[in-house]
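Residues per chain are reported as follows:
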Amino acid sequence: MIDLWYKDAVFYEVYIRAYHDSNADGHGDLAGLTEKLDYLKELGVDCLWLLPIYPSPLKDDGYDIADYYGVHSTYGSVDDFKTLVDEAHARGLRIIADLVLNHTSDQHPWFQAARQDKDSPYRDYYVWSDSDQKYTGTRIIFTDTEPSNWSWDEAAGQYFWHRFFATQPDLNFDNPAVREEMKKVAKFWLDMGIDGFRADAVPYLIEREGTGNENLPETHEYLKELRAFIDQHYPGRVLLCEANMWPEDVRPYFGDPSIPGQAEFQMGFHFPIMPRIFMALKKGDVSDMVEIINRTPPIPAECQWCTFLRNHDELTLEMVTEEERQWMWQHYAPEPRMKLNLGIRRRLAPLLDNNRRKIELANSILFTLTGSPIIYYGDEIGMGDNIWLDDRNGVRTPMQWNPDPSAGFSDAAPEGFYAPVIDSTPYGPDSVNVADQQADPKSLLNTIQKMIAIRKQYKAFGWGDFKWIDTGTAAVAAYRRKYKDERLLIFNNLTDQIQTVSIPVARVTNVYPIDILGNRRLPPLENGYLSLMLAPYRYLWLRI
Ligand code: GLC
């Protein structure tokens, strides 16, 4: 029997460089994270997702890998990684790592060999062309920096293909050697005992003329091959799919696990629901969320969506219409520096005006919707951002552990930190930090910890079905989660007004709801009707 632990796990995304510095060099490291595992255990999360930790020139913060078999020197060593995995497991925490299949760094020895010698076996590891007019139907992802998906390489005398930065040449997955290399990479880290991978940028593995070069059948074929390899040698390890696509296009990434060899991922991020949560909060109207959830196809029983509010990238607006994108920018990125590519480079708390009720409400939605939630490091304490840093660095600043100017992140002199600690009011460490929030029972941190703890008491969140409740008003996001005899009703008032709702629940007498977060019994239903008055931005998780 394979343990489907990810079905009702809570994930936590960690950027190692930002988390905790154990050796006072100004960069967070693996040993630093190991020292903070007790904090994460107490928070109640089940699985950590580590952003890339491999040797890299850091042109894309580690998503440009120069060596798949090592650890970036400032992060520590492979031994430190083993210690981290062991210590996490000893606490019942799991770890997944980033698996970057689509591309390497241009500093990777494969690419260096490829560009210097047409006859090198590595030449065909990448995608070359004499002309930059191939695959013209392919969109550009990093629209702010990349004019083309082709870049000229002087040494090679050819153009090479890249879906991301020009420093990240795409690997050629038509080459059987590349397909095997990446299985070897997966094996190396799985042998170290990790619990799986978050697989980066998977829609772009294979190119075919005349297509948009995304989600191609040939790409799915390779992903099935990779999954079969992992299932055979490491049954139960999980693969989480990063495909920033519409629900119907993500569905094939789960494959068909009931047929041998046809499974792909156990989990997939639900990208399109994310901006619609922000739309709902700003409009005070749930309709956009309803539309996208209703449009989401069912997935196999052993699979699970992964939901998130923010992550290490810009808040992506790829999965909305042009009109919605403009609307999101207008409301959530009023300053030009807040925009990046097709998104918004801001953190959760500033996006929600640092309004405690809105931040809690957003988390209430995150923890009760269908899927397994992921928390982005620092959002559990309401960290701020720094839009003056380049690229996505403004949401990757040092974790704020205590009120010191160093935020307790590192013993190095703050000038030597990889990035400045947030110092803008009201987000500086003196007002936003773990230590103070741990000591305050009413803090955001303690509220989130409680939401996680309550979530874990009910199978319905991870395993139950999901059904919208019609309350007669779009101002309330209301839904039922049901699993066996567990029946939960969730209400989120999306507005700054009091909302009253009355819905039929049961015909039997003597039924009373329990507020599971507040641990109190509500008055019994009247004639089978549940009537509620919801304060502005109030959320209620009820058990019937
Ligand atoms: C993914 C990562 C992003 C990275 C890109 C290229 O989208 O989340 O940070 O830049 O892939 O690897």
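The text that follows walks through the structure, step by step, so that each part is easy to find. All values derive from a computational prediction rather than experimental measurement.

The topology assignment puts Lys450 in helix α15 (residues 444-456). Note: C-alpha distance between Lys450 and Pro55 (395 residues apart in sequence) is 38 Å.

Taken together, 6 strands build an open sheet; the order of strands is β15-β16-β17-β22-β19-β20 and the sheet is antiparallel. In this open sheet, the two strands that pair with only one neighbour each are β15 (465-468) and β20 (520-521). Bridging between strand β17 (residues 486-493) and strand β22 (residues 539-543) involves 5 bridges; their strand directions are antiparallel. Within β22, the residue paired with Asn492 across the bridge is Tyr539. Here helix α13 (residues 356-368) sits on the sheet and contacts β16 (476-483), β17 and β22; the angle it forms with β22, its principal contact strand, is near 35 degrees.

As enumerated under the stated definition, the model contains 39 salt bridges in all. For the salt bridge of Arg163 with Glu214, the shortest nitrogen-to-oxygen distance reads 2.7 Å. One end of the pair, Arg163, is in the loop between β6 (158-161) and α6 (176-190); the other, Glu214, is in the loop between β7 (196-200) and α7 (217-233), and 51 residues separate them in sequence. There is no split in this pair, since Arg163 and Glu214 are both buried. In this structure, Arg480 engages Asp465 in a salt bridge whose closest nitrogen and oxygen atoms are separated by 3.2 Å.

Residues Trp110, Phe111 and Ala114 constitute the buried set of helix α5 (residues 109-116). The arc that holds the buried residues of α5, viewed along the axis, is 90 degrees, so those residues lie on one side. Those residues of α5 that are buried are in contact with β4 (128-129), β5 (150-153), β6 and α6.

This next bit is on the site of the ligand. Taken together, 13 residues surround the ligand, and among them Asp60, His103, Asp200, Glu242 and Asp313 come closest. With respect to the ligand, the side chain of Asp313 contributes an N or O atom lying 2.5 Å from an oxygen atom. Protein coverage of the free-state accessible area of the ligand, which is 310 Å², stands at 95%. For the shell around the ligand, the residue count by class is 3 nonpolar, 3 polar and 7 charged.

The rules behind the values
Residues numbered from 1 in each chain as written. Predicted model: local features only at pLDDT ≥ 70, side-chain atom pairs only at ≥ 80, totals over all residues. Heavy atoms only, no water. Helix = DSSP H or I, 4+ residues; strand = E, 2+ residues; numbered from the N terminus. Pairing = 2+ DSSP bridges. Contact = heavy atoms within 4.5 Å. Axes fitted to C-alpha atoms, helices over the stretch in contact; angles between N-to-C directions. Salt bridge = Lys/Arg side-chain N within 4 Å of Asp/Glu carboxyl O. Buried < 20%, exposed > 50% of the residue type's maximum accessible area, 1.4 Å probe, protein only. Arc of directions from axis to C-beta. Near = heavy atom within 4 Å. Polar contact = N/O pair within 3.5 Å; in protein donor to acceptor, adjacent residues only side chain to side chain. Areas by Shrake-Rupley, 256 points an atom, 1.4 Å probe, with all protein chains shown as cover. Nonpolar A, V, L, I, M, F, W, Y, C, P; charged D, E, K, R; others polar.

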